[in-house]
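Residues per chain, in single letters:
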Amino acid sequence: MATETLSEGLAAYAVGDKIRALRLKKKMGLVQLGQHTGMSPAMLSRIERGRLFPTLPTLLRIALVFGVGLETFFAKDRERRRVAIVRRGERQRFADDPAGKNVSYHFESLDFAALDRKLNAYYADFEAMPPGWARTHVHPGAEFIHVLQGRLGIFLDEEEQTLDAGDSIYFDSSQPHGYRRIGAAPCNALVVTVL
């Protein structure tokens, strides 16, 4: 049983209200949520009404149903960033190879300040590599690339596709893929990934 001080502190986060909002957004009833979490509808109702504070494992089970992180429940509404601006000077530049050998591209996150992101957006600068060479990688979801400048070679299904400035490509990123700049001119692109 939480003390009055703890109850007041936990109530300030309005965890129950956030769970209810997520449930209603998905048009899900308490019974359905109970089936997904293994909790009774009565217990879920008590949590939503603020009569019961869930443990972290219980909250994690609920978070997994809605595809959100635990931070969703602990950020007070005024602290949550519904709009996130990333200034050019705030971005950090990283190489695709942390060891710094055979770097095929550098990237900067364009949306790192946003919480509960539905996508990841990057600015990428590509390096020249020999024809036929690419460090391939895979990740779940899909990827979208829009070439801003230069010529970009993209390896997919053991073939190289060539994109010029203004061209775009969308593909299933669970297949091996890699990139290289074609030619001496600078090549950069907007890259968006989604799960």
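Rules used throughout
- Residues numbered from 1 in each chain as written.
- Predicted model: local features only at pLDDT ≥ 70, side-chain atom pairs only at ≥ 80, totals over all residues.
- Heavy atoms only, no water.
- Buried < 20%, exposed > 50% of the residue type's maximum accessible area, 1.4 Å probe, protein only.
- Helix = DSSP H or I, 4+ residues; strand = E, 2+ residues; numbered from the N terminus.
- Pairing = 2+ DSSP bridges.
- Axes fitted to C-alpha atoms, helices over the stretch in contact; angles between N-to-C directions.
- Salt bridge = Lys/Arg side-chain N within 4 Å of Asp/Glu carboxyl O.
- Phe/Tyr/Trp six-rings, centres within 6.5 Å; stacked < 30°, edge-to-face > 60°.

Asker: Can you help me understand the pairing of strand β9 (residues 187–194) in this one?
Answerer: For a regular strand, side chains alternate in direction, first toward one face of the sheet and then toward the other. Burial within β9 is extensive, with six of its eight residues counted as buried. Bridging between strand β3 (residues 120–126) and β9 involves seven bridges; their strand directions are antiparallel. In the strand pairing of β9, Y122 is matched with V191. Sheet analysis places strand β4 (residues 142–149) next to β9, joined by seven bridges and oriented antiparallel. Across the sheet, the residue bridging to A142 is V194, located in β9.

Asker: So what exactly am I meant to see when it comes to the sheet that holds strand β6 (residues 159–164) here?
Answerer: The strands that make up a sheet are held in pairs by hydrogen bonds between backbone atoms, and each pair lies either parallel or antiparallel. The strand order β6-β5-β8 describes an open sheet built from three strands, whose pairing is antiparallel. Pairing within the sheet leaves two strands with one partner each, and these edge strands are β6 and β8 (177–182). Pairwise comparison of adjacent strand axes, ignoring direction, gives a mean angle of 25° for this sheet.

Asker: How should I be thinking about the pattern of salt bridges in this particular structure?
Answerer: Once their charged atoms are close, side chains differing in charge can pair, the charge on each being opposite to the other. Taken as a whole and judged by the stated rule, the model has eight salt bridges. Residue R20 pairs with E48 through a salt bridge whose shortest N-O separation is 3.6 Å. In this pair, R20 is assigned in helix α2 (residues 15–25) and E48 in helix α4 (residues 41–48), connecting sequence segments 28 residues apart. Among the ionic pairs, R151 bridges to D164, the shortest N-O distance being 2.6 Å. Separated by 13 residues along the polypeptide, R151 in strand β5 (residues 151–156) and D164 in strand β6 bring together distant segments of the chain. Judged by relative accessible area, which is 38%, R151 ranks as partly exposed. D164 gets classed as partly exposed once you look at its relative accessible area, which sits at 32%. One salt-bridge network, in which partners are shared between bridges, spans D17, R20, R23 and E48.

Asker: I'm lost on the sheet that holds β3 in this one. Help?
Answerer: The strand order β1-β2-β3-β9-β4-β7 describes an open sheet built from six strands, whose pairing is antiparallel. Edge positions in the sheet fall to β1 (93–95) and β7 (168–172), since each has one partner strand and no second. On average, adjacent strands in this sheet sit at an angle of 25° to one another, irrespective of strand direction.

Asker: Help me understand unusual backbone geometry in this model?
Answerer: Among all residues save glycine, negative phi is the norm, and among peptide bonds the norm is trans. Of note in the backbone geometry, D157 takes a positive phi value of approximately 50° without being a glycine. The topology assignment puts D157 in the loop between β5 and β6. A residue is classified by how much of its surface remains accessible, and D157, at 57% relative accessible area, is exposed.

Asker: Please explain the packing of aromatic side chains as it appears in this structure.
Answerer: What characterises a pair of aromatic rings is the spacing of the ring centres plus the angle enclosed by the ring planes. Using the criterion set out here, one finds six aromatic pairs in the structure. Between Y105 and F107, the ring centres sit 6.2 Å apart and the planes meet at 50°, which makes this aromatic pair tilted. Note on Y105 and F126: the rings are 6.0 Å apart at their centroids and 50° apart in plane angle, and the pair reads as tilted. With a gap of 21 residues between them, Y105 in strand β2 (residues 105–109) and F126 in strand β3 connect regions that are remote in the sequence. Residues Y105 and F126 agree in their burial class; the two are buried.

These figures capture arrangement, not role.
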